[in-house]
Amino acid sequence: MQDRCTLKRENGETIIELKVTDPNEFYNPFDPSPAAQKDLRAETAGYILETLTGKEKSVRFVIYLEEKLYRNSELSSGIGHAVSAYFKSKQSAAKHRHLIEKQKGRRYLIRGLLFLIVCVVLSSLITTFSENSIVYAVGQSLVVIGWVALWKPAEFYLYENRDLKNDISLMKMLSDACIEVREMA
């Protein structure tokens, strides 16, 4: 599919041109749905996503169909709907994944904070009653382990949360993109 996809930028708009000579190269051949509801082939969707930088403000699809495909009204009208529907379903999946990850992030944060409190209290108790350097090292190790327990929630709130939101925005932009279907010259 890579040789049949091109990316152009005009006046701040990103134009993704797709040339389709065989529907099985565009659609998932194992999807029995009608053309307007079929999933895109993984390679097609992957190429579209890989070519985008994530900084696009506006995207437009121009899909060129071979003459016999263009004359097939079901395919011609359905192909644009399929692209929109595909990215809309990906947007929905990304929203669901973000919701699940946020819930996990909150659970991890609460667990991490409780564990940190327990570790700090244990460290204080251990080091208060002994001046031995080994006991002091064990107490400090407990504090470090407590802080390490916050690694995962910190990673989510600092990095993964933003990445998931960017994925949702990208899928929304692609699902809302203007789609033109033209006959291949």
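Residues numbered from 1 in each chain as written. Predicted model: local features only at pLDDT ≥ 70, side-chain atom pairs only at ≥ 80, totals over all residues. Heavy atoms only, no water.

**So, the pattern of salt bridges**
- Counted by the stated rule, this structure contains 10 salt bridges.
- A salt bridge links Arg41 to Glu43; its shortest N-O distance comes to 3.0 Å.
- The network of salt bridges with common partners includes Glu13, Arg60, Glu180 and Arg182. (Salt bridge = Lys/Arg side-chain N within 4 Å of Asp/Glu carboxyl O.)

**Some thoughts on the side chain of Asp31**
- If you trace the backbone, Asp31 turns up in the loop between α1 (23-26) and α2 (42-51).
- Lys38 provides the closest opposite charge to the buried, unpaired Asp31, separated from it by 5.8 Å.
- At 2.7 Å, the side chain of Asp31 and the backbone nitrogen of Asp39 are in polar contact. (Helix = DSSP H or I, 4+ residues; strand = E, 2+ residues; numbered from the N terminus. Buried < 20%, exposed > 50% of the residue type's maximum accessible area, 1.4 Å probe, protein only. Lys, Arg positive; Asp, Glu negative; His and termini not counted. Polar contact = N/O pair within 3.5 Å; in protein donor to acceptor, adjacent residues only side chain to side chain.)

**Focus on the packing of aromatic side chains**
- Counting across every chain of the model gives 4 aromatic pairs.
- Between Phe26 and Tyr27 the ring centres are 5.3 Å apart and the planes differ by 80°, which places this aromatic pair in the edge-to-face class.
- A relative accessible area of 0% places Phe26 in the buried class.
- With centroids separated by 5.1 Å and ring planes inclined at 85°, the aromatic side chains of Tyr86 and Phe87 adopt a geometry described as edge-to-face. In terms of burial, Tyr86 and Phe87 fall into one category: buried. (Phe/Tyr/Trp six-rings, centres within 6.5 Å; stacked < 30°, edge-to-face > 60°.)

**Some thoughts on a positive patch on the surface**
- A surface patch of like charges, here positive, comprises Lys102, Arg106, Arg162 and Lys165.
- When residues of the positive patch are traced back to their parent elements, those giving at least two are α4 (73-128) and α6 (151-175).
- In this structure, Arg162 sits in helix α6. (Patch = residues over 30% accessible without salt bridge, like charges linked within 9 Å, V, L, I, M, F, W, Y side chains within 5 Å. Areas by Shrake-Rupley, 256 points an atom, 1.4 Å probe, with all protein chains shown as cover. Charge placed at Lys NZ, Arg CZ, Asp CG, Glu CD.)

**What to know about helix α5 (residues 133-148)**
- Taking 1.5 Å per residue, 16 residues should reach 22 Å; α5 reaches 22 Å between its end C-alpha atoms and fits that length.
- What α5 keeps buried is the set Gly139, Leu142 and Gly146. Projected down its long axis, α5 shows its buried positions confined to an angular sector of 50°, all on one face. Of the exposed residues in α5, the ones pointing more than 90 degrees away from its buried face are Ser133, Ile134, Val144, Trp147 and Val148.
- Contact partners of the buried residues in α5: α4. (Expected span 1.5 Å × (residues − 1). Arc of directions from axis to C-beta. Contact = heavy atoms within 4.5 Å.)

**A word on the packing of α4 against α5**
- Orientation of α4 relative to α5, taken along the N-to-C sense of each, is 170°, at an axis distance of 8 Å. One way to sum up the angle between α4 and α5 is to call them roughly antiparallel. Contact residues: α4 offers Gly112, Phe115, Leu116, Cys119, Val120, Leu122, Ser123, Ile126 and Thr127, while α5 offers Val135, Tyr136, Gly139, Gln140, Leu142, Val143, Ile145, Gly146 and Trp147.
- Class assignment of the residues belonging to the contact of α4 with α5 gives a composition of 12 nonpolar, 6 polar and no charged. (Axes fitted to C-alpha atoms, helices over the stretch in contact; angles between N-to-C directions. Parallel < 35°, antiparallel > 145°, perpendicular 65-115°, else oblique. Nonpolar A, V, L, I, M, F, W, Y, C, P; charged D, E, K, R; others polar.)

**Thoughts on the sheet that holds strand β1 (residues 5-10)**
- Pairing within the open sheet is mixed, and its 4 strands lie in the order β1-β2-β3-β4. Here the strands that pair on one side only, and so sit at the sheet edges, are β1 and β4 (178-183). Across the sheet, the axes of successive neighbouring strands diverge by a mean angle of 20°, strand direction being ignored.
- For strand β3 (residues 59-65) and β4, the ladder comprises 6 bridges, and the chain directions are parallel. Bridge pairing in β4 links Tyr64 to Arg182. (Pairing = 2+ DSSP bridges.)

**Some points on the environment of Leu99**
- By secondary structure assignment, the location of Leu99 is in helix α4.
- A relative accessible area of 42% places Leu99 in the partly exposed class.
- Through-space distance from the C-alpha of Leu99 to that of Val144 is 30 Å; in sequence the pair is 45 residues apart.

**Things to note about the nonpolar core**
- If you look at the biggest cluster of nonpolar residues, it comprises 28 residues, and the most contacted ones within it are Phe26, Phe61, Phe87 and Leu174.
- Of all the secondary structure elements, the ones that give two or more residues to this core are β2 (13-20), α2, β3, α4 and α6.
- Residue contributions to this core peak at 6 residues, all from α4. (Core = buried A, V, L, I, M, F, W, Y, C linked by side-chain atoms within 4.5 Å.)

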